[in-house]
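# Overview (structure and organization)
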Amino acid sequence: MTYRIAPSLLSADFAKLGEEVAHVIASGADWIHFDVMDNHYVPNLTIGPLVCEAIRPCTTAPIDVHLMVKPVDRIVPDFAKAGANIITFHPEGSEHVDRTLGLIRDSGCQAGLVFNPATPLTWMDHVMDKLDVVLLMSVNPGYGGQSFIPGTLDKLREARAKIDAYAQKTGRRILLEVDGGVKVDNIAEIARAGADTFVAGSAVFGAGKDSDPQRYNSVMASLRSALAGV
Ligand code: DX5
Ligand code: ZN
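Attention here is on the structure that accompanies the text.

## With respect to the sheet that holds strand 1 (residues 4-7)
The strand order across the open sheet built from eight strands is 1-8-7-6-5-4-3-2, with neighbouring strands paired in parallel fashion. Every other strand in the sheet has two partners, leaving strand 1 and strand 2 (32-37) as the edge strands with one partner each. For this sheet, the mean inter-axis angle between neighbouring strands, taken without regard to orientation, is 25 degrees. One ladder, built from four bridges, connects strand 5 (residues 110-115) with strand 6 (residues 133-137); its direction is parallel. Bridging across to strand 6, Val114 finds its partner in Leu135. Taken strand by strand, helix 5 (residues 152-170) contacts strand 5, strand 6 and strand 7 (175-179), and its axis lies near 165 degrees from that of strand 7.

## A few points about empty space enclosed by the protein
A probe as big as a water molecule, rolled over the atoms, marks out the empty space that is left. The tally for this structure, following the rule as stated, stands at one cavity of 30 Å³ or more. Size it by volume and the largest cavity reaches roughly 220 Å³. Considering the residues around the largest cavity, the lining is formed by 25 residues, among which Tyr143, Gly144, Gly145, Asp179 and Gly180 are closest to the centre. For the lining of the largest cavity, the elements supplying multiple residues, two or more each, are strand 2, strand 3 (63-68), strand 8 (197-200) and helix 7 (202-205). Residues of the lining of the largest cavity, tallied by class, amount to eleven nonpolar, eleven polar and three charged.

## So, the site of ligand 1
Around ligand 1 there are 20 residues in total, and Asp35, Asp179, Gly181, Gly201 and Ser202 lie nearest to it. The contact in question runs from an oxygen atom of ligand 1 to an N or O atom on the side chain of Asp35, over 2.8 Å. Its free accessible area being 380 Å², ligand 1 has 100% of it covered by the protein chains. At a threshold of 2 Å from the grid points, most atoms of ligand 1 map onto the largest cavity. Secondary-structure elements contributing two or more residues to the shell around ligand 1 are strand 2, strand 3 and strand 8.

## Some words on the pattern of salt bridges
Scanning the entire structure with this criterion turns up twelve salt bridges. Put simply, Arg157 and Asp154 hold a salt bridge, and the shortest N to O gap is 3.1 Å. Of the two residues, Arg157 and Asp154 both sit in helix 5, three residues apart, roughly one turn of that helix. Several salt bridges share partner residues, and in doing so they unite Arg4, Arg160, Asp164 and Asp196 into one network.

## Some remarks on the packing of aromatic side chains
The final tally for this structure, using the stated rule, is three aromatic pairs. Relative to Phe79, the ring of Phe34 has its centre 6.1 Å away and its plane inclined at 75 degrees; by these criteria the two rings are edge-to-face. Of the two residues, Phe34 is situated in strand 2 and Phe79 in helix 3 (residues 76-81); the sequence distance between them amounts to 45 residues. A residue is classified by how much of its surface remains accessible, and Phe34, at 0% relative accessible area, is buried. Looking at Phe79, the relative accessible area reads 0%, which means it is buried. Relative to Tyr216, the ring of Phe205 has its centre 5.2 Å away and its plane inclined at 75 degrees; by these criteria the two rings are edge-to-face. With a gap of eleven residues between them, Phe205 in helix 7 and Tyr216 in the loop between helix 7 and helix 8 (217-228) connect regions that are remote in the sequence.

Definitions and cut-offs
Residues numbered from 1 in each chain as written. Chains lettered and ligands numbered in written order. Predicted model: local features only at pLDDT ≥ 70, side-chain atom pairs only at ≥ 80, totals over all residues. Heavy atoms only, no water. Pairing = 2+ DSSP bridges. Helix = DSSP H or I, 4+ residues; strand = E, 2+ residues; numbered from the N terminus. Axes fitted to C-alpha atoms, helices over the stretch in contact; angles between N-to-C directions. Contact = heavy atoms within 4.5 Å. 1 Å grid on protein atoms, 1.4 Å probe; cavity = no way out; pocket = protein on both sides within 12 Å on 5 of 7 lines; lining within 4 Å. Points joined across faces, edges and corners; volume = space filled by probe spheres on them. Nonpolar A, V, L, I, M, F, W, Y, C, P; charged D, E, K, R; others polar. Near = heavy atom within 4 Å. Polar contact = N/O pair within 3.5 Å; in protein donor to acceptor, adjacent residues only side chain to side chain. Areas by Shrake-Rupley, 256 points an atom, 1.4 Å probe, with all protein chains shown as cover. Sits in = over half its atoms within 2 Å of the grid points. Salt bridge = Lys/Arg side-chain N within 4 Å of Asp/Glu carboxyl O. Phe/Tyr/Trp six-rings, centres within 6.5 Å; stacked < 30°, edge-to-face > 60°. Buried < 20%, exposed > 50% of the residue type's maximum accessible area, 1.4 Å probe, protein only.

Structure below.
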C-alpha cells in the first residue's frame, strides 16, 4: 500500500504561503491540500483560484483542491487553469453530480466526491467510472483543528469495500482520502480502516518553531513512521 500525506494549507501561515508550500513538500509531503470555502456552502471564507495560481510555481507536487462551495461548476475551469491537479466537491453543492465530475475531468484534472459525516456513501454508486478520489470528511467541513469523528472508521471500511470490489471488476483504482482531525496518534488506525491518502492541517502546520525552515521534518517523519507500522 502506498500512502499519501496531504497537508492542508488552511492551517499554514497565509502571509508566507509560498514558503510554507516549499517547506512542507521538502519535509516529505506528497500533495498540497487546498481548502476552498465560500461562506455559503460552509460558514467560512478562504482562498480561490488566484491563490492557487500564485502557489503553483512553488512546487511540482499535486495540488488537491477541496471545493466547499455551492454552486460548483462555474469555478471548476478557473481552478484547472490555475494549476489544480485534483478537484473534489460535495454532492450537496452540485445539482448534477455526474455532469460536474465530467466537467472536472474534461478540464484535465482528476475528480473526486467528498462525503460529509452525514452524507451516505450511496452517492458514489452510479458514478464510480468518473471517480478518481473518494474523500471522507472526518469532521464537519468549515474549520481546521476539529476532532476526528470516530464513526468515520466504519464508513472508511465500507468505502474501502466498495472501492476494492470496483477495482476487482475493472482494474481501476480509486483513492480513498480522509480529511479532518488526522494526527500522529490516530493515523495508523485510520489507515487500517482503509484510507490511503491523509489530509492533515493543524497536525502538520501547528508543528515546530516558526523560524526553523526544517520545522515540518519531525511531524512528517512521525506520520510516516506511524503509517509504516500498519
Ligand atoms: C475542513 C477542511 C480540512 C481542514 C483539516 O473543512 O476541509 O482540510 O483543514 O484540518 P485539521 O487537520 O486541522 O482537522
Ligand atoms: Zn479539506
